[in-house]
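Residues per chain are reported as follows:
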Amino acid sequence: MAESESGADKSEDPTEKRLRESREKGQVARSKELNTLAVMLAGTGGLLLVGGNLANAMLEVMSTSFALKRDMIMDDRMMGMLFMFSGRVALEAMMPLLLVLLVASILGPIALGGWLFSAKAMAPKVSRMNPGPGLKRMFSAKALIELLKALAKFSIVLVVALAVLKSNEQELLKIVHEPLEGAIKHAINIVGWSALWMSCGLVLITLVDVPFQLWDNKQKLMMTKQEVRDEYKDSEGKPEVKQRIRQLQREMTERRMMQAVPQADVIITNPTHFAVALKYDPEKGNAPVMLAKGADFTALKIREIAQEHNVMLLESPALARAVFYSTDIDQEIPAGLYMAVAQVLAYVYQIRQFQAGRAKRPAPLKDLPIPPDLRRDE
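Conventions we followed
Residues numbered from 1 in each chain as written. Predicted model: local features only at pLDDT ≥ 70, side-chain atom pairs only at ≥ 80, totals over all residues. Heavy atoms only, no water. Helix = DSSP H or I, 4+ residues; strand = E, 2+ residues; numbered from the N terminus. Buried < 20%, exposed > 50% of the residue type's maximum accessible area, 1.4 Å probe, protein only. Contact = heavy atoms within 4.5 Å. Salt bridge = Lys/Arg side-chain N within 4 Å of Asp/Glu carboxyl O. Pairing = 2+ DSSP bridges. Axes fitted to C-alpha atoms, helices over the stretch in contact; angles between N-to-C directions. Phe/Tyr/Trp six-rings, centres within 6.5 Å; stacked < 30°, edge-to-face > 60°. UniProt positions renumbered as here; feature names shortened; annotations may be inferred. Core = buried A, V, L, I, M, F, W, Y, C linked by side-chain atoms within 4.5 Å. pLDDT = per-residue confidence, 0-100. Expected span 1.5 Å × (residues − 1). Bend = angle between axes of the 7 residues up to and from the residue. Patch = residues over 30% accessible without salt bridge, like charges linked within 9 Å, V, L, I, M, F, W, Y side chains within 5 Å. Areas by Shrake-Rupley, 256 points an atom, 1.4 Å probe, with all protein chains shown as cover. Parallel < 35°, antiparallel > 145°, perpendicular 65-115°, else oblique. Arc of directions from axis to C-beta.

Student: Mind showing me how you'd approach the overall build of the chain here?
Tutor: Counting its secondary structure elements, the chain contains 14 helices and four strands. A burial count over the chain gives 32% of its 378 residues as buried. Residue pairs in contact within the chain that sit at least 24 positions apart in sequence constitute 75% of those at least 6 positions apart.

Here you go:
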């Protein structure tokens, strides 16, 4: 298990934030062996495909450059012309192979770790000039692993090369007795297949190196429990900051509620512990809406504002508690309270008619119908 600089065990998998930051810094799993294998296979495969064209180009360059007439030798411009001709022929013959190598050199790194361009990874670092960490890396466990990989790669390539040379011994001897044109094509074919088999020998190293690089990169990104907690605090916000935000949200909600109290039709109270402000607007909805609610000090403020703006206060402890616990601000009351609230609003209308001298004083409300599932006892 990996350890941090403080000695704590890195037992936690890297978080999404840690993975994203490491990728921005260019710290992703890469395998040099996979890159080498891709380039070698592409190069040897391309050599086998375009080997005939390369042989013909070599013959053309050799026949043109070494079969010179006397007048050509005496012309001081001929050397430059022959050089330009040989370069053009060689470039045209090698261009397909070079393009294949270019594509392989790009796809090899992308195969493990994906496409990545990081300016942070390219930025110069003064710490890299410090010989201390450099010497530490030279004698680290990873350096030992790289040395063992190099020895294994050398041994495998050597064994495969000896086996290929042994199997092609008779073919190599035949080249001596072949004409020049056939010998060149035959030699390129043998070299291409030999290189291909030696490249295939690197597959064993790559199959070991790729899982190791993935594991090693994950170990570098592992986190301690404290690092995970610190990151969570940074991403989610410190508790005191979150508490302050919640406090500001409550204050904003309370101010908005107090501004809506004068618009209410009635304030139903407990009478002291709870207060809910209700308004019924048939043009906007089918049921009364709660404009404000509060307990204790907030309930007191609601009552004070209601008295200042002549909004009727009605004591109904059971209904006040039922509305308070079942309805949020700016929401309609539940269907189970329709009947009870309708009686309250009718009573408020009758009181206003009485105060205006257009009706008799209504009888006090008693036993409002509140469903058992909406009742809240103190």
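Student: Teacher, can you tell me more about the pattern of salt bridges here?
Tutor: Scanning the entire structure with this criterion turns up five salt bridges. For Glu92, the salt bridge identified is with Arg88, shortest N-O distance 3.4 Å. With Glu92 and Arg88 both in helix α4 (residues 78–111), this residue pair falls four residues apart, about one helical turn. A salt bridge links Asp328 to Lys293; its shortest N-O distance comes to 3.9 Å. One end of the pair, Asp328, is in the loop between α13 (317–326) and α14 (338–355); the other, Lys293, is in strand β3 (residues 289–295), and 35 residues separate them in sequence. Take Asp328: its relative accessible area is 44%, and that puts it in the partly exposed class.

Student: What is the right way to look at the sheet that holds strand β2 (residues 274–279) in this model?
Tutor: Two orientations exist for strands paired in a sheet by backbone hydrogen bonds: parallel and antiparallel. Strand order in this open sheet of four strands is β3-β2-β1-β4, and the pairing throughout is mixed. Every interior strand has two partners, whereas the edge strands, β3 and β4 (312–315), have only one. Shown here is a sheet whose adjacent strand axes are inclined to one another by a mean of 20°, direction ignored. Summarising the sheet, strand β1 (residues 266–269) and β2 pair through four bridges and their orientation is antiparallel. Across the sheet, the residue bridging to Ile268 is Val276, located in β2.

Student: Even after reading the chapter, I still don't get the packing of aromatic side chains, so can you show me in this structure?
Tutor: Each pair of aromatic rings is reported with the distance of its centres and the angle of its planes. In this structure the tally under the stated criterion is four aromatic pairs. Judged by centre distance (6.1 Å) and plane angle (35°), the ring pair of Phe212 and Trp215 falls under tilted. Taken together, the residues span about one helical turn, with Phe212 and Trp215 both in helix α9 (residues 180–221) at a distance of three residues. Classification of Phe212 by relative accessible area gives buried; the value is 19%. Here the aromatic cluster, defined as three or more aromatic residues joined through ring pairs, consists of Phe274, Phe324 and Tyr325.

Student: Would you mind going over the UniProt feature "transmembrane region" (unreviewed entry) in the chain with me for this structure?
Tutor: Residues annotated by UniProt as "transmembrane region" (unreviewed entry) correspond here to residues 37–59, 106–123, 144–165 and 195–215. Within residues 195–215, the helical portion is 100% and the strand portion 0%, while the C-alpha atoms at the span's ends are 31 Å from each other.

Student: I would appreciate a short explanation of the nonpolar core in the present structure.
Tutor: Most often, soluble globular proteins have nonpolar side chains that are buried together. Among the nonpolar cores identified, the biggest contains 25 residues, and Val266, Ile268, Leu278, Leu319, Val323, Leu337 and Val344 are the most heavily contacted of them. Taken together, the elements giving at least two residues each to this core come down to β1, β2, β4, α13 and α14. Looking at this core element by element, the count peaks at seven residues for α14. Setting aside residues up to four positions removed in sequence, Ile268 forms contacts with Phe274, Ala275, Val276, Leu278, Leu314, Ser316, Leu319, Ala320 and Val344.

Student: How should the confidence of the model for the chain be read in this particular structure?
Tutor: Do not read the fine detail of predicted coordinates wherever pLDDT is low. Considering every residue of the chain, the mean pLDDT works out to 78; 87% of them sit at 70 or more. In the model of the chain, helix α5 (residues 119–122) stands out as the element of lowest mean pLDDT, 57, in contrast to β2, which has the highest, 88.

Student: For this particular structure, what's the right way to read α9?
Tutor: Note on helix geometry: an α-helix contains 3.6 residues per turn, so any two residues three or four positions apart are oriented the same way. The end-to-end C-alpha distance of α9, which contains 42 residues, comes to 59 Å, matching closely the 62 Å that a straight helix rising 1.5 Å per residue would cover. Taken as a whole, α9 carries its principal kink of about 35° at Ile205.

Student: Would you mind showing me how to read unusual backbone geometry here?
Tutor: When glycine is set aside, most residues are seen to have a negative phi, and most peptide bonds are trans. Phi at Asp296 is positive, roughly 55°, even though this residue is not glycine. Its relative accessible area of 48% is what places Asp296 among the partly exposed residues. Backbone geometry at Asn310 places phi at a positive 60°, although glycine is not the residue there. Mapped onto the elements, Asn310 comes out in the loop between α12 (297–308) and β4.

Student: Where do I start with a nonpolar patch on the surface in this structure?
Tutor: On the surface, Leu91, Met94, Met95, Leu98, Leu99, Leu102, Val103, Ile106, Leu107 and Trp115 cluster together into a nonpolar patch covering about 960 Å² of accessible area. Secondary-structure assignment places Trp115 in the loop between α4 and α5. The exposure class of Trp115 is exposed, given its relative accessible area of 63%.

Student: Before we go on, may I ask you to explain the packing of helix α2 (residues 32–66) against α4 in this structure?
Tutor: Two numbers describe a pair of packed helices, the interaxial angle and the distance between the axes. The geometry of α2 relative to α4 is characterised by a closest axis approach of 8 Å and an angle of 170° between their N-to-C directions. Here α4 runs roughly antiparallel to α2, going by the angle between their axes.

Student: Looking at this structure, how should I read the side chain of Ser199?
Tutor: The topology assignment puts Ser199 in helix α9. For Ser199, a relative accessible area of 0% corresponds to the buried category. Not counting residues within four places of it along the chain, the set of residues in contact with Ser199 comprises Leu37, Met40, Leu41 and Thr44.

Student: Teacher, can you tell me more about α12 here?
Tutor: Taking 1.5 Å of rise per residue, 12 residues should cover 16 Å, and α12 covers 17 Å from first to last C-alpha, within 8% of that figure. Along α12, the positions that sit buried rather than exposed are Thr298, Ala299, Ile302, Arg303, Ile305 and Ala306. In a view along the axis of α12, the buried residues occupy a sector of 165°, so they form one face of it. α12 presents Phe297, Gln307 and Glu308 as exposed residues on the side facing more than 90 degrees away from its buried surface. Remark: Asn310 follows α12 within two positions and exhibits a positive phi of approximately 60°.

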